[in-house]
Amino acid sequence: MSPARVRIGFAVCLVTILLAVLDTNIVSAATVPIVRDLDPVHGMDKIPWLISSFALASAAVLPLYGKLCDTIGAKKVFVGAIATFLAGSALCGAAQSMAQLIAARAVQGIGGGGLMSVTMVVLAQLSGPRSAGGQSDAKGGGRGKGGSIGGIVAGAGMALGPWLGGTLADHASWRWIFYVNLPVGIAVLATAIAVLRLPVQPVRHRIDYPGAVLAAAFSVSLLLMTEWGGKDYAWGSPQILGLGVAGAVSLALFLRRQATAAEPILPLSMFKVPAVRLGFAIQALVGAAMMGTLVYVMIYLQVVRHLEPTAAGLYLIPMALGMTAVGLASERLAARGWSQKTFALLGTVAAAAALGLLATTRVSTNLWQIRGELLLMGAGFGLLVGQLIQIVQAAAPPQQLGVATTGTRFFQTLGNALGAAVFGTILSRVYEAKGVGGSTSELSRLGGAAHEAGVRALTSGMDVVFVVGAALMALAAYLATRLPHTP
């Protein structure tokens, strides 16, 4: 590819990342208008499925995306993922019932699983071939540059998503939350087809479809267990225990398949590489901590401080600013000799410190303090966005670049699910121990002194959640000290 084509390719990838981040945040701001339009009687009970169907489908196909990239080439997979995402977006916008919308979100999630992960593979290949030391040889490119700009775009999307979703729902229609993807996505699709010229393996490889099915079975069982456990069903119920058994069996069969298959979908040999193994683990811990931060800060602002959802969403702006500022500075810091290990270590330490500060939150904590803590959190996550993927990409064998990249995203998704389950259980247990009886969902029905006691109990539970999140990030910081030094 000529330098001009490479620059256009980078722009295409960054717009695709923006689409992925926006779609993660934009739907949450329009759940009430969606329910009011499609199913005002029973729609509220179906909102969890509206959110989780996208995540389930995305997690199920992530391992397959990586192997397809290494087998048929990243461009074909990239184009296919965007086309599937656009088809799902069109179906979501045209849905006439909650059931149709949930099914369309699953189709959208199949494509969405590749928007971020496969895009990172394309960015890595646009950066040029790696030298023996694992670094890019492309002039004017480089992995550090792509990762830092990707962090800036992710930060901007995080801030823009809730605001855009609320604006479209209030002034147009919730359907435009999905239709807005179409013109941008079609432009990206056409440009990618015309511009991208990416390497393809000269030898055809077999795809481990049984391994992909087992990986999907494990991830779906785990996500359903964490989605339902403690909320729809008790943790000791037959449904949750059955999902746990199904997940354990499918994981055991998956590991056996990967050890015996001629061309496994997630080669176990990759885990022998310290940087890959540690990168996967740190990404899972970061995914859990980020989930806890976003969800429970929003709950605190809306339930304890009585902010409207749109106003609460604006509190993500400091976090996005932190990510953006670090993204702008990271390239210069890398030019001054900062290693990827340094970025990972400082990012995990900053995130742990921010969560520790959030653990001091009280019912009457100054809201500017919350903004400052989210700014620090954004700076920490900004140091990690892109860097962990680049560490894994640099350490993995070139022929396993796609598997290594999507594997990082896969472990982040699993971390999100486990974090949501663990944090939700902690919050419920603390509330029940300190509250006035009942579950957290009954807090809105209380009044007077009982409501005040319930709010204090809820805040105490969130403080414990943030302490556990800080501990997870401290563990991630320890693992980061074990990473090898790479420029």
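Per chain, residues are indexed from 1 in the order of the written sequence. Where totals are concerned, whole chains, interfaces and linings use all residues; where local detail is concerned, this predicted model gives features only for residues with pLDDT of at least 70, and gives and counts side-chain atom pairs only at 80 or more. To get the side-chain values, all heavy atoms of the structure are used, and hydrogens and water are removed first.

Colleague: What exactly am I supposed to notice about helix α8 (residues 181–195) here?
Modeller: Spacing of three or four residues puts side chains on the same side of an α-helix, whose turn is 3.6 residues. Under the DSSP-based scheme used, a helix requires at least four consecutive residues in state H or I and a strand at least two consecutive residues in state E, with every element numbered from the N terminus. Working rule for helices: expected span equals 1.5 Å times residues minus one. The first and last C-alpha atoms of α8 sit 21 Å apart over 15 residues, in line with the 21 Å expected at 1.5 Å per residue. Taken together, the buried positions of α8 are Asn-181, Gly-185, Val-188, Leu-189, Ala-192 and Val-195. One side of α8 holds all its buried residues, which, seen down the axis, span an arc of 155°. Residues of α8 that are exposed and point more than 90 degrees away from the buried face comprise Pro-183 and Ile-186. The buried label goes to any residue with under 20% of its type's maximum accessible area, the exposed label to any with over 50%, and the partly exposed label to all in between, with areas taken from a 1.4 Å probe on protein chains only. This arc is taken over the directions from the axis of the helix to the C-beta atoms.

Colleague: What is the right way to look at a nonpolar patch on the surface in this model?
Modeller: On the surface, Leu-314, Ile-317, Leu-321 and Leu-375 cluster together into a nonpolar patch covering about 330 Å² of accessible area. Mapped onto the elements of the fold, Leu-375 is located in helix α15 (residues 367–384). Judged by relative accessible area, which is 41%, Leu-375 ranks as partly exposed. Like charges are joined within 9 Å and nonpolar side chains (Val, Leu, Ile, Met, Phe, Trp, Tyr) within 5 Å, but only among residues with over 30% relative accessible area and no salt bridge; these make up the patches. Using a 1.4 Å probe, accessible areas were evaluated by the Shrake-Rupley method; residue-level cover was limited to the displayed protein chains. One side-chain nitrogen of Lys or Arg within 4 Å of one carboxyl oxygen of Asp or Glu is enough to make a salt bridge.

Colleague: Just to check I follow, could you spell out the environment of Leu-418 for this structure?
Modeller: When you line up the elements, Leu-418 lands in helix α17 (residues 401–434). Separated by 196 residues in sequence, Leu-418 and Leu-222 have C-alpha atoms that sit 8.1 Å apart. We call two residues in contact when some of their heavy atoms are within 4.5 Å. In this structure Leu-418 touches Leu-222 and Thr-226, once residues within four positions along its chain are discounted.

Colleague: Help me out: how do you make sense of the side chain of Thr-365 in this one?
Modeller: Turning to its location among the elements, Thr-365 is positioned in the loop between α14 (340–358) and α15. For Thr-365, a relative accessible area of 7% corresponds to the buried category. For Thr-365, the residues in contact, after removing those within four places along its chain, are Tyr-300, Arg-305, Thr-360 and Ile-370.

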